[in-house]
Amino acid sequence: MDGLGGVLCRCTGYRKIVAAVLDAAGNDPQPLSTPPAGAAVGSRLAKLDGVPKLTGAERYGADAVPADALWLRIVRSPHDSARVVLGDLEAVAAARPGVERVLTAADVPCNRIGIYPDLRDQPVLAEGVVRYRGDPVVALVGTREAVTAVRDEDLPIRYEPLSPVHGLDEARAPGAPLVHDETAGNKLIEGGVERGDAQEALPGCAVTAQGRFETTFVEHAYIEPEAGWARRVGDRVELFVSTQTPVMNRDSTAEVLGLAPTQVRIVPSACGGGFGGKLDVSVQPLTALAAWLTGKPVACVYERPESMMASPKRHPTAIEARFGCDADGKLQAVAFDATFDTGAYASWGPTVASRVPIHASGPYAVPHVSARGRAFYTNGPPAGAFRGFGVPQAAIAHEALMDDLADGLGMDRLEMRLKNAIRAGDATATGQVLEASAGLAPCLEALAPRWRRALEDVARANAQEGPVRRGVGIGCMWYGIGNTALSNPSAMRITLDREGRLTLFNGAVDIGQGSTTILAQICADTLGVAVDRIAQVIGDTDWTEDAGKTSASRQTFVSGKAAELAGAALRAAILREANAADDATIELAGAQVVVRDGGRRVEIDLARLEADAAGVVLEGVGRFDPPTTTLDAKGQGKPYATFAFGAQVAVVDVDTELGTVTPIRIHAAHDVGRAINPTQVEGQIEGGIAQGLGLALMEEYLPGRTENLHDYLIPTVGDVPEIEVLIVEDPEPLGPFGAKGVGEPGLVPTAPAILGAIRHATGVRVTRVPALPHRLRRALRERESHR
């Protein structure tokens, strides 16, 4: 409807029709073979006239399925909450040619999955009860034609619907049905941060601002749905699957099958997007189980509605917050209470509930902070990881209140943020003193002239009569890189074989953010060779070490540092062979390495060096685990080794008759430490802005109603405005060449900036996102009625 309204806003003959509608709206097995030394598994590029060209040869989860593979189809619950009684399912297989077996919970050796070892609350297949629409009940295994021909309603499955728990209010209500019998009050977890005494400090503030803010379920909407296939090889099982976290997949699959982790091999396919949604397992346990039991390859590919029904979502959130400052505009206190709807199962809920309180006060220096995060079970879809782990929701709140404080003081909104920007030497709400690389102030300074021009542009535009009003908003962010208050290691290995080939064994999965390129660049620069001399084996759990999951904007910082250390180790080994100084140069010349050390030239004959079974003569291994600490009972400690910072300015037009919002321009300044690959940095920020726009204006997942990409709206090229990216480099001493991360930060400040611009244009503060046209129009009418 936003896109429709954006077109019709210039066609005045349709205004009344659109307004009425808005008023009525409620709302092949080769990848699994042993890779030869020097083999590359990763992006497939050809060079034409010296310029890389895409060949389309990359293999995704649904590609290269063996011709003799069986197919697996999951039968899912149509109910939010129900008891389940299974009839004679063996008769189904017997009566249906091509159906080999029907898997139930009884077939699963360990019928529990989950992110945390002590919180395996999700059954692989239902055990007498289903907790959300999409919960897996049974799985059909057979030929593709056979399993797709079986209708769910023809299966002997009886559902006895129960009263579902929908939303946070129902989950917390006295006497509410329990989603999990063992979880009192449906509360999954609670975390918090306490520094100083916010409750005592707030009454003494010259200006305070408070508000309640709500967000909804948001779908990842990656292009590639969940897909993969598995096969049994002796007493092992191998999977080719689209994933963000191969080692976690390996360990989870092994646990479900009752195997040792060494009996499971994960070979990641190319990943057509993840954004956090492919951190949870999907097709892995059941395809592996079916392959184990049948002895045949088994594939599973979700159709789009199944992907949207079954995959985790961004957490719906309710935030109540109060900010206070002194008469000069310096923040003094923050009180912040966030509750999260984690859906039917925990997924990454504990991580969200613990990360958000740390970030609740925003990227500002505040002496008194009281922040709490709680997650509750409901009968909604599981809410998990989604680009930002709850920080985008928190930013909507803290940036709105920063605007309120600035307005209360009569202070420019950018100046208010610059005055309070946290800097190196300042302490965060957890008591962590930032030692370096706190670049919010430089980001704001880079945006300042654009901000001033935007204010002038808005004044000119609004001097004209008409229903379209223009506004400009600003949003700031910070984001802790990597796991929260946990060990966060990565390891990389680079080898040189007797034929002079370099191979980087890289366990970091590239989900589109460019880590395959970035890590090779870092390693090559450290080693002193051209990046195109390095082949890669990526993510294969038999061949690579654990680089950790691709999430939390950690791969460039953590795995990049490991790659830097690996390259340095191999370089040192080569220089030792040549008895050369550290500043010597290295050149690969077939089966020789030429080392030039001042005026001396040394040739290393690789064939004369001792080699291992794979022909490797020298290697370098790098390991890095960022220095963090656990948090104490008051949330005090060092949860992250470094933070990313950024700010964005958004200019929007609001049609006050239709309630539609048209973003005009976004200026984005982000402190990335050091931009290893500036083009990819820009791409990450631009992609994040597109998702942040969706969060602000159009994306709302409604179970049973928006389970396709027709009814669920995401931004298209026509919705994304002109974007200017300003790369700010405040080097992080711990990072590779000073780099941090940028995968998530690009999204975080976009919605706050857009919402601030809506308010500037109309005077209406949006407190529930997305700001769909009918909601904004209603708010505009309410504002008019109170004048």
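Residues numbered from 1 in each chain as written. Predicted model: local features only at pLDDT ≥ 70, side-chain atom pairs only at ≥ 80, totals over all residues. Heavy atoms only, no water.

Before going further, it helps to examine the overall build of the protein. Across its full length, the protein carries 18 helices and 28 strands. In summary, the protein has a C-alpha radius of gyration of 27 Å against a globular reference of 28 Å for 787 residues, a match within 12%. Overall size of the protein, expressed as C-alpha extent along the three principal axes, is 85 × 80 × 55 Å. Per-residue burial for the protein yields a buried fraction of 60% across its 787 residues. Working note: accessible area of the protein is about 29200 Å², and carbon and sulfur atoms make up 51% of it. (Helix = DSSP H or I, 4+ residues; strand = E, 2+ residues; numbered from the N terminus. Rg over C-alpha atoms; globule rule 2.2 N^0.38 Å. Buried < 20%, exposed > 50% of the residue type's maximum accessible area, 1.4 Å probe, protein only. Areas by Shrake-Rupley, 256 points an atom, 1.4 Å probe, with all protein chains shown as cover.)

Glancing now at the confidence of the model for the protein. Keep in mind that low pLDDT regions are not for reading the predicted coordinates in detail. Averaged over every residue, the pLDDT of the protein is 93; residues scoring 70 or more account for 93%. Within the model, pLDDT remains below 50 along residues 1-22, and this stretch shows 31 contacts once partners closer than five positions in the same chain are excluded. Confidence drops under a pLDDT of 50 for residues 24-48, and excluding neighbours within four residues, the segment shows 69 contacts in the predicted structure. (pLDDT = per-residue confidence, 0-100. Contact = heavy atoms within 4.5 Å.)

As a further point, take the side chain of N249. Mapped onto the secondary structure, N249 falls in helix α7 (residues 246-257). Once residues within four sequence positions are removed from consideration, N249 is found in contact with V241, T243, I266, V281 and Q284.

Taken together, the seven strands give an open sheet; going across it, the order is β5-β7-β3-β14-β11-β12-β13, and neighbouring strands pair in mixed fashion. In this open sheet, the two strands that pair with only one neighbour each are β5 (99-103) and β13 (264-268). Taking each pair of neighbouring strands and ignoring which way they run, the sheet shows an average axis angle of 20°. Relative to strand β7 (residues 136-142), β5 runs antiparallel, the two sharing four bridges. Its bridge partner lying in β7, R101 is registered against V141. Sheet strands in contact with α7 are β12 (236-241) and β13, and its direction is about 145° off that of β13. (Pairing = 2+ DSSP bridges. Axes fitted to C-alpha atoms, helices over the stretch in contact; angles between N-to-C directions.)

With a probe scaled to a water molecule rolled over the atoms, the places where space remains empty come into view. Taken as a whole, the largest cavity spans an internal volume of roughly 80 Å³. Lining the largest cavity, in full, are F213, I396, A400, D403, P752, L755, G756, R759, R765 and V766. Those elements giving two or more residues to the lining of the largest cavity turn out to be α11 (391-409) and α17 (750-762). In terms of residues, the lining of the largest cavity owes the most to one element, α17, which gives four residues. Classifying every residue of the lining of the largest cavity by side-chain character gives six nonpolar, one polar and three charged. (1 Å grid on protein atoms, 1.4 Å probe; cavity = no way out; pocket = protein on both sides within 12 Å on 5 of 7 lines; lining within 4 Å. Points joined across faces, edges and corners; volume = space filled by probe spheres on them. Nonpolar A, V, L, I, M, F, W, Y, C, P; charged D, E, K, R; others polar.)

A few words on the sheet that holds strand β19 (residues 490-497). In space, the four strands of this open sheet follow the order β21-β20-β19-β25, with mixed pairing throughout. Edge positions in the sheet fall to β21 (534-538) and β25 (616-624), since each has one partner strand and no second. Neighbour-to-neighbour, the strand axes of this sheet turn through a mean angle of 20°, independent of strand direction. This element, helix α15 (residues 555-578), spans β19, β20 (502-506) and β25 of the sheet and lies at about 145° to β25.

The next thing to look at is the packing of α7 against helix α8 (residues 284-294). Running from amino to carboxyl end, α7 crosses α8 at an angle of 50°, the nearest separation of the two axes being 9 Å. Our classification of the angle between α7 and α8 gives oblique. Between α7 and α8 lies a crossing of right-handed hand. Between α7 and α8, the residues in contact are N249, T253, V256 and L257 and Q284, P285, A288, L289 and W292, respectively. (Parallel < 35°, antiparallel > 145°, perpendicular 65-115°, else oblique. Left-handed = near helix turned anticlockwise from the far one by under 90°.)

Per the stated rule, a full pass over the model turns up 47 salt bridges. E160 is paired through a salt bridge with R158; the nearest N and O atoms lie 3.2 Å apart. Look at E160 and you get partly exposed, because its relative accessible area is 31%. On the basis of relative accessible area, R158 is assigned to the partly exposed category, the value being 47%. Here R601 ties to E603 by a salt bridge, and the two come within 2.3 Å at their closest N and O atoms. (Salt bridge = Lys/Arg side-chain N within 4 Å of Asp/Glu carboxyl O.)

For the rest of this paragraph, the subject is α15. The end-to-end C-alpha distance of α15 is 33 Å, a good match for the 34 Å that 24 residues give at a rise of 1.5 Å each. Here α15 lies mainly inside the structure; 17 of its 24 residues are buried. Of the residues one or two after α15, N579 is the one with positive phi, at around 55°. (Expected span 1.5 Å × (residues − 1).)

Quick look at the packing of helix α16 (residues 678-697) against α17 now. Where α16 meets α17, the closest approach of the two axes is 8 Å, and the angle between their N-to-C directions is 50°. Comparing the axis directions of α16 and α17 gives the class oblique. Between α16 and α17 the crossing geometry is right-handed. The segment α16 lies against α17, with G688, I689, G692, L693, L695, A696 and L697 engaging T750, A751, I754, L755 and I758.

Attention now moves to the pairing of strand β27 (residues 660-671). Remark: a regular strand shows side chains that alternate across the two faces of the sheet. The buried count for β27 comes to 10 of 12 residues, which makes it a mostly enclosed element. In the sheet, strand β26 (residues 643-655) pairs with β27 via 11 bridges, with the strands oriented antiparallel. Its bridge partner lying in β27, V651 is registered against R665. The hairpin formed by β26 and β27 contains four residues between the paired strands, and G659 there has a positive phi angle of roughly 80°. Between the parallel pair β27 and strand β28 (residues 722-728), the chain is carried across by α16, and the sense of this crossover is right-handed. (Right-handed = clockwise from strand over helix to strand, strands pointing away.)

So, on to helix α18 (residues 773-785). Residues that lie three or four places apart on an α-helix share one face, since the helix turns once every 3.6 residues. The terminal C-alpha atoms of α18 lie 18 Å apart, and with 13 residues this matches the ideal 18 Å at 1.5 Å per residue to within 8%. Buried within α18 are the following residues: P773, H774, R775, L776, R777 and L780.

In this section: unusual backbone geometry. Residues other than glycine predominantly adopt negative phi, and peptide bonds predominantly adopt the trans conformation. Omega for the peptide link from V769 to P770 comes to 5°, which places this bond in the cis form. As for its position among the elements, P770 is in the loop between α17 and α18. Of note in this structure, S347 is not a glycine but carries a positive phi near 45°. Here S347 shows up in the loop between β16 (331-343) and α10 (349-359). A relative accessible area of 5% means that S347 is categorised as buried. Even without glycine at this site, A485 takes up a positive phi of about 55°. Relative to the assigned elements, A485 resides in the loop between β18 (468-480) and β19. Looking at A485, the relative accessible area reads 11%, which means it is buried.

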